[in-house]
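Coordinate inspection notes
Here is what each chain is made of, one letter per residue.
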Amino acid sequence: CFSWVAPSDVDDPTRADWAGMLARLAAYRDEHGDCDVKKKYQRDPALGGWVAAVRRCRSELGAARVAELDQIGFVWQSSRSCG
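Keep in mind it's a predicted model, so treat the numbers as computed, not measured.

1. Let's talk about helix α1 (residues 18–32)
It helps to recall that an α-helix has 3.6 residues per turn; residues three or four apart then point in one direction. Here α1 is 15 residues long and its end C-alpha atoms lie 21 Å apart, about the 21 Å a rise of 1.5 Å per residue gives. Of the positions making up α1, those classed as buried are Trp 18, Met 21, Leu 22, Leu 25, Ala 26 and Tyr 28. Here the buried residues of α1 occupy an arc of 155° about the axis, which is enough to place them on one side. The exposed residues of α1 that point more than 90 degrees off its buried face are Ala 19 and Asp 30. Looking at the packing, one finds that the buried side of α1 touches α2 (45–56), α3 (58–61) and α4 (63–71). The positive-phi residue at the C-terminal boundary of α1 is Gly 33, with phi of around 90°.

Here you go:
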């Protein structure tokens, strides 16, 4: 069955497996040296979409989740201008 929803289309990052996505983000950081994942990250489109959604929804995440992200070096403002 075809879906019009792309893996990078994430509306609510809190509905995803939070611990699992943090682990994937930490693995990305370990490989690339930062947490600046582009939205259309081809090796893991769901991670790219989740990171973009987290950036959009920061005020809705709560202090504990923001602190978790800050602790691993989350990049709140992407250095990329598109994608």
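Read on, since the account is not over.
2. Digging into the side chain of Asp 36
Among the secondary structure elements, Asp 36 is positioned in the loop between α1 and α2. The buried category is assigned to Asp 36, whose relative accessible area is 6%.

How each quantity is defined
- Residues numbered from 1 in each chain as written.
- Predicted model: local features only at pLDDT ≥ 70, side-chain atom pairs only at ≥ 80, totals over all residues.
- Heavy atoms only, no water.
- Helix = DSSP H or I, 4+ residues; strand = E, 2+ residues; numbered from the N terminus.
- Expected span 1.5 Å × (residues − 1).
- Buried < 20%, exposed > 50% of the residue type's maximum accessible area, 1.4 Å probe, protein only.
- Arc of directions from axis to C-beta.
- Contact = heavy atoms within 4.5 Å.

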